[in-house]
Amino acid sequence: MRFSVNIPNFGDFADPRTVAKVAVAAEQAGWDGLFVWDHVLHRTHAGRPFGDPWMLLTAAALATSRIRLGTLVTPVARRRPEQLARQVATLDAVSGGRVTFATGLGGPVEDEYASFGDTADPKVLAERLDEGLGLLERYWSGEPVNHSGRHYQASDVTLLPATAQRPRPPVWVAGFWPHRPPMRRAARWDGAVPLFTDARHGHVPPVDQVRDLVAYVREQRDDRSGTPFEIVLGGATPGGDAAATRDLIGPLADAGATWWDERQIQTGQALDRLTPVLRRVEQGPPVL
């Protein structure tokens, strides 16, 4: 199992210098990755400054040399695929091939889409997500792209440079379990980032639901069972209590989880504050 730190792109972490500070601390403490949120508007956290995730991650990339970097998660349907392809490829080059690209519908959809006059229809957003992911993969290749789809068009387009990672950065897909469609989408790529209706952001997911999810994804990937695939879970662990942390995470690793993403409780005051997050980061990742 590998271990990452998760921070929002607002509050104290809207400042790229602060994110770089967390990234350096995470790398020195032995964490394997740093992931930031990708929101332009989240009314639950209104009144806070928001930073662009790709600029935040660029600061982190320039300050580190080892940890994986990415968003959890970028809503492809909210972005132009060609612009997003350039942002990811540029970060992959700057970081020396350390980007992991995680995506999903994003949300809250009323905040992130409808507030700006866009559709909030999840079926349309899912169509744009799937079509956009296919385009991203082709753009990242550095090969000519011609595409005429329901939502996007491209005519004899070649975007260079290609991503540093070949054939592309790993793609993880998020979604709420037990909803099946997002996990079927994830099974077509490189990893699943499940959220759970019974365990919101920061809360440790139930082991029985993790087992069900892992079994379902493996069934969907039956024809690709020999290729690597990540199951990314997350929550808040007591960093100062190694035994309690093992009791929380050990059963999840046994159930098939391959990454643990350390998160603050979304409703807690520490969510977007540097001091408590940095304190947890400096305690280091869990030891199983």
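Within the protein, the regular secondary structure consists of nine helices and ten strands. For 288 residues, the compact-globule estimate of 2.2 N^0.38 gives 19 Å, and the C-alpha radius of gyration of the protein, at 18 Å, lies within 12% of that figure. Going through the 288 residues of the protein one by one, you find that 53% of them count as buried. Counting contacts in the protein only where the partners sit at least 6 residues apart, residues at least 24 apart contribute 72% of the total. Roughly 12,400 Å² of accessible area belongs to the protein as shown, and the carbon and sulfur atoms make up 50% of that amount. Computed over 32 positive and 34 negative side-chain charges, the separation of the two mean positions in the protein equals 1 Å.

Our focus in this paragraph is the sheet that holds strand E1 (residues 2–7). Taken together, eight strands build a closed barrel; the order of strands is E1-E2-E3-E4-E7-E8-E9-E10 and the barrel is parallel. With strand direction ignored, the average angle separating the axes of adjacent strands in the sheet is 25°. Where strand E4 (residues 99–103) and strand E7 (residues 171–177) come together, three bridges link them in parallel fashion. In the sheet register, Ala102 faces E7, and the bridge partner there is Trp172. Contacting E4 and E7, helix H5 (residues 122–140) runs over the sheet at an angle of about 160° to E4. Relative to the sheet, helix H6 (residues 180–187) contacts E7 and strand E8 (191–196), its axis offset from that of E7 by approximately 165°.

Okay, the pattern of salt bridges next. The full count for this structure, using the stated rule, is 19 salt bridges. Two residues, Arg66 and Asp32, come together in a salt bridge whose shortest N-O distance is 3.9 Å. Taken together, the residues Arg66 in the loop between helix H2 (53–63) and strand E3 (68–71) and Asp32 in the loop between helix H1 (16–29) and strand E2 (33–36) connect sequence positions 34 residues apart. By relative accessible area, Arg66 is classed as partly exposed at 38%. Across the salt bridge formed by Asp272 and Arg48, the nearest N and O atoms sit 2.6 Å from each other. Of this pair, Asp272 sits in the loop between strand E10 (259–262) and helix H9 (274–282) while Arg48 sits in the loop between E2 and H2, placing them 224 residues apart in sequence. Judged by its relative accessible area of 6%, Asp272 is buried.

Conventions we followed
- Residues numbered from 1 in each chain as written.
- Predicted model: local features only at pLDDT ≥ 70, side-chain atom pairs only at ≥ 80, totals over all residues.
- Heavy atoms only, no water.
- Helix = DSSP H or I, 4+ residues; strand = E, 2+ residues; numbered from the N terminus.
- Rg over C-alpha atoms; globule rule 2.2 N^0.38 Å.
- Buried < 20%, exposed > 50% of the residue type's maximum accessible area, 1.4 Å probe, protein only.
- Contact = heavy atoms within 4.5 Å.
- Areas by Shrake-Rupley, 256 points an atom, 1.4 Å probe, with all protein chains shown as cover.
- Lys, Arg positive; Asp, Glu negative; His and termini not counted.
- Charge placed at Lys NZ, Arg CZ, Asp CG, Glu CD.
- Pairing = 2+ DSSP bridges.
- Axes fitted to C-alpha atoms, helices over the stretch in contact; angles between N-to-C directions.
- Salt bridge = Lys/Arg side-chain N within 4 Å of Asp/Glu carboxyl O.

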